[in-house]
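# Structural features, examined
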Amino acid sequence: MTATVLNQRHDAVRGLISGQHMLLTCRGLRRVVAGQNILDVERLELERGRTYLLSGSNGAGKTSLLRVLAGLDEARCKQFLFDGVEIDLANYPRRMRSKLGFVHHHPMMFSTSVTDNIAFGLRAAGMSRPEVRRRTDEAIEWADIGSLANRPPQALSAGEKQRVALARAHALDPAMYLLDEPTANLDENGRVLVTHLIDIIAREGRTLLIACHDRELLSLDGVVRLHMRDGHLEGVA
Ligand SMILES: Nc1ncnc2c1ncn2[C@@H]1O[C@H](COP(=O)(O)OP(=O)(O)OP(=O)(O)O)[C@@H](O)[C@H]1O
Ligand SMILES: [Mg+2]
């Protein structure tokens, strides 16, 4: 059994013992940019181990919500609890960054190699060289991207980039994944491969919040659908 699977079981058991079914609870979330209220979410509760699809039309606030949860953009929040711990969003703690894996729609990568891009985040997290090597190798095997390992990222297709970005996030073993339109604009083959990896993450017991368009809802089992409109969360679609 891999360390990742053991960690996940440990998390799940810890959550059940402490009665924390909710991984994330957030109340009264607001983000104002240039006088415009782009996020106004009364309540968001995400259960541990569930997959949530966040749909909504262009400009509804999907990316903004993911970025705020990942600590990339500022917002005000009356209450924000993650894994039972109260978090000050205005003062986003560093340790939270490794717990939430944000994957951009167009993932940014250094023009070195795929392997180096995966290793970078691990080094930045302060891991030892052997640990970085072990996790990088594991992530490449996990995503089945061995054939891409030595390729320069700028030579990858959109689908290949998305798989590398998922491997890079997976290497850090976050409790929650925030995926921004992971399959948008991919061809059929790319969509199938990326969806397969997302499905594996869900089966590993991780929590996922995935932004996607109404017309492109991912076909995954047992998902909870959330819908956004004009910065508001409208609940199950
Ligand atoms: N930094 C910013 N400055 C000004 N307005 C912003 C900024 N970020 C987002 N917005 C505005 O907030 C609203 C929500 O944008 P957001 O990108 O979150 O929507 P979205 O649901 O992800 O849309 P899409 O489906 O096009 O990706 C839009 O009206 C957008 O123009
Ligand atoms: Mg968006």
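Before going into details, it helps to say that this report is about the structure given with it. Counting of residues starts from 1 at the beginning of each chain's written sequence and follows it residue by residue. Chain labels run from A onward and ligand labels from 1 onward, assigned in the order the entries are written. Totals for whole chains, interfaces and linings use all residues, but because this is a predicted model, local features are given only for residues with pLDDT of at least 70 and pairs of side-chain atoms are given and counted only at 80 or more.

### A look at helix α6 (residues 158-171)
Our working rule: Starting at the N terminus, helices and strands are each numbered in turn, a helix being any DSSP run of H or I of at least four residues and a strand any DSSP run of E of at least two. Helix span is expected to be 1.5 Å times the residue number reduced by one. Counting other C-beta atoms within 10 Å of a residue's own tells you its class, since 20 or more makes it buried, 12 or fewer makes it exposed, and anything in between is partly exposed; those C-beta atoms are placed from the backbone.
A rise of 1.5 Å per residue sets the reference length of α6, with its 14 residues, at 20 Å; its end C-alpha atoms lie 20 Å apart and thus fit the reference within 8%. With respect to burial, α6 is a largely interior element, 13 of its 14 residues being buried. Positive phi shows up at Asp173, right after α6, with a value of about 50°.

### Here we look at the sheet that holds strand β1 (residues 22-33)
How we decide: At least two bridges found by DSSP between two strands are what make those strands a pair. Once C-beta atoms are placed from the backbone, any two residues with those atoms within 7 Å are in contact. To define axes, lines are fitted to C-alpha atoms, for helices over the stretch in contact only, and angles between the resulting N-to-C directions are given on a 0 to 180 degree scale.
The four strands lie next to each other as β2-β1-β4-β5, forming an open sheet whose pairing is antiparallel. Each edge of the open sheet is held by one strand with a lone partner, namely β2 (36-47) and β5 (85-86). With ten bridges connecting them, β1 and β2 associate as antiparallel partners. Looking at the pairing, Met22 lines up with Glu47 of β2. Strand contacts of helix α2 (residues 62-69): β1 and β2, with the helix running at about 65° to β2, the strand carrying the most contacts.

### A closer look at the nonpolar core
Just so we agree on the cut-off: Buried Ala, Val, Leu, Ile, Met, Phe, Trp, Tyr and Cys residues whose C-beta atoms connect them within 7 Å together make up a nonpolar core.
Of all hydrophobic cores here, the largest spans 61 residues; its most connected members are Ala167 and Leu178. By residue number, the principal contributor to this core is α6, which donates six residues.

### Details of the environment of His170
As for its position among the elements, His170 is in helix α6. Spatially, the C-alpha atom of His170 lies 10.0 Å from that of Leu197, the residues being 27 residues apart in sequence. Other than its neighbours up to four places away in sequence, His170 contacts Ala139, Trp142 and Ile201.

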